[in-house]
Amino acid sequence: MRKLVAGLAMSLDGVVDSPSNWMLFDDEMGAVIGAGIARCDAVLLGRRTYLEFAELWPKQGSDVPMANFLNNAPKYIVSSTLGSLEWANSSLVTGDLIEEVTRLKRQPGRDILMPGSPRLVGSVLREGLLDELSLMIAPVVVGSGTRLFDELTEQVRLELVESATLSTGVLSVTYHPVSS
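All values reported here derive from a predicted model rather than from experimental measurement.

### Here we look at the overall build of the protein
Alright, step 1. Along the protein, the regular secondary structure elements total five helices and eight strands.
Alright, step 2. Listing every helix and strand of the protein by position from the N terminus yields β-α-β-α-α-β-β-α-β-α-β-β-β.
Alright, step 3. Its C-alpha atoms give the protein a radius of gyration of 16 Å, near enough to 16 Å, the size a compact globule of 180 residues would have.
Alright, step 4. The principal-axis extent of the C-alpha atoms belonging to the protein is close to 45 × 40 × 30 Å.
Alright, step 5. Across the 180 residues of the protein, 42% fall into the buried class.
Alright, step 6. Restricting to contacts in the protein with at least 6 residues of sequence separation, those with at least 24 account for 71%.

### A short note on the side chain of Arg-2
Alright, step 1. With respect to the element layout, Arg-2 can be found in the segment before strand 1 (4–11).
Alright, step 2. With relative accessibility at 6%, the residue Arg-2 sits in the buried group.
Alright, step 3. A distance of 3.3 Å separates a polar side-chain atom of Arg-2 from the backbone oxygen of Leu-104.
Alright, step 4. Once residues within four sequence positions are removed from consideration, Arg-2 is found in contact with Asp-41, Ala-42, Leu-104, Lys-105, Gln-107, Pro-108, Gly-109, Arg-110, Asp-111, Ile-112 and Asp-131.

### Some points on the side chain of Asn-71
Alright, step 1. Mapped onto the fold, Asn-71 is located in helix 3 (residues 65–72).
Alright, step 2. Exposure remark for Asn-71: the relative accessible area of 15% places this residue in the buried category.
Alright, step 3. With near-sequence residues (within four places) excluded, Asn-71 lies in contact with Trp-57, Pro-58, Gln-60, Trp-87, Ala-88 and Asn-89.

### Some points on the sheet that holds strand 6 (residues 132–138)
Alright, step 1. Pairing in this open sheet of eight strands is mixed, and the strands run 4-3-2-5-1-6-8-7 from one edge to the other. At either margin of the open sheet sits one strand with a lone partner, and together these are strand 4 (90–93) and strand 7 (158–165). When strand polarity is set aside, the average angle formed by the axes of neighbouring strands in this sheet is 25 degrees.
Alright, step 2. Pairing of strand 1 with strand 5 (residues 111–115) involves four bridges; the strand directions are parallel. Residue pairing in the sheet places Gly-7 in a bridge with Pro-115 of strand 5.
Alright, step 3. On the sheet, helix 2 (residues 47–56) packs against strand 2 (40–46), strand 3 (75–78), strand 4 and strand 5 and is oriented at approximately 115 degrees with respect to strand 2.

### Brief notes about the environment of Leu-148
Alright, step 1. Here Leu-148 shows up in the loop between strand 6 and strand 7.
Alright, step 2. Its relative accessible area of 3% is what places Leu-148 among the buried residues.
Alright, step 3. Separated by 26 residues in sequence, Leu-148 and Gly-122 place their C-alpha atoms 7.2 Å apart.

### Notes on the packing of aromatic side chains
Alright, step 1. With the rule as written, the count across this model stands at two aromatic pairs.
Alright, step 2. Plain terms: the ring middles of Tyr-50 and Trp-87 are 6.0 Å apart, the flat faces sit at 40 degrees to each other, and that makes the pair tilted. Within this pair, whereas Tyr-50 is found in helix 2, its partner Trp-87 is found in the loop between strand 3 and strand 4, the two being separated by 37 residues in sequence. Note on accessibility: Tyr-50 and Trp-87 belong to one class, buried.
Alright, step 3. With centroids separated by 6.3 Å and ring planes inclined at 85 degrees, the aromatic side chains of Phe-53 and Trp-57 adopt a geometry described as edge-to-face.
Alright, step 4. Take Trp-57: its relative accessible area is 16%, and that puts it in the buried class.
Alright, step 5. Residue placement shows Lys-75 over the ring face of Trp-87; its charged tip is 4.6 Å from the ring centre.

About the cut-offs
Residues numbered from 1 in each chain as written. Predicted model: local features only at pLDDT ≥ 70, side-chain atom pairs only at ≥ 80, totals over all residues. Heavy atoms only, no water. Helix = DSSP H or I, 4+ residues; strand = E, 2+ residues; numbered from the N terminus. Rg over C-alpha atoms; globule rule 2.2 N^0.38 Å. Buried < 20%, exposed > 50% of the residue type's maximum accessible area, 1.4 Å probe, protein only. Contact = heavy atoms within 4.5 Å. Polar contact = N/O pair within 3.5 Å; in protein donor to acceptor, adjacent residues only side chain to side chain. Pairing = 2+ DSSP bridges. Axes fitted to C-alpha atoms, helices over the stretch in contact; angles between N-to-C directions. Phe/Tyr/Trp six-rings, centres within 6.5 Å; stacked < 30°, edge-to-face > 60°. Lys NZ or Arg CZ within 6 Å of the ring centre and 35° of its normal.

Note that all results are geometric; they support no functional claim without further evidence.
Laid out in structure tokens, this is it:
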């Protein structure tokens, strides 16, 4: 079965909003992100991240690895309010979140990437559907903005499976949920 893998940039105080405003994206970070992308062949996004990404990534050239991946991969968008999706290869996911994500994970293919979509990440983590959480933690306190786990109200145990400190001081960490 495919794995559902979330990848987010986060500040020390847990903010995940607009990382391009406070995170230095360099070649070293690009290599880490590129390795994660190489494991995946599909994308799962929430509505807000979809709208933001659909405005940004199609304007980037295919020489940008993240743009090339996002623009060409099948994209599954979780939303109860969007009616149509303009970005190529996008499909609307409606109905029961657990059933729909489980169905996607059972399809043949490589892993499914969730870049961003913090509310959706919290939901799939809470429901036991997230297999891996990769964070790039920047050495900056942003102060305000959406925090990754703002909406989680129950404890979820995670196990650190990989960590590295990048030359910029960014911590690249990967966690797997601990089965209860």
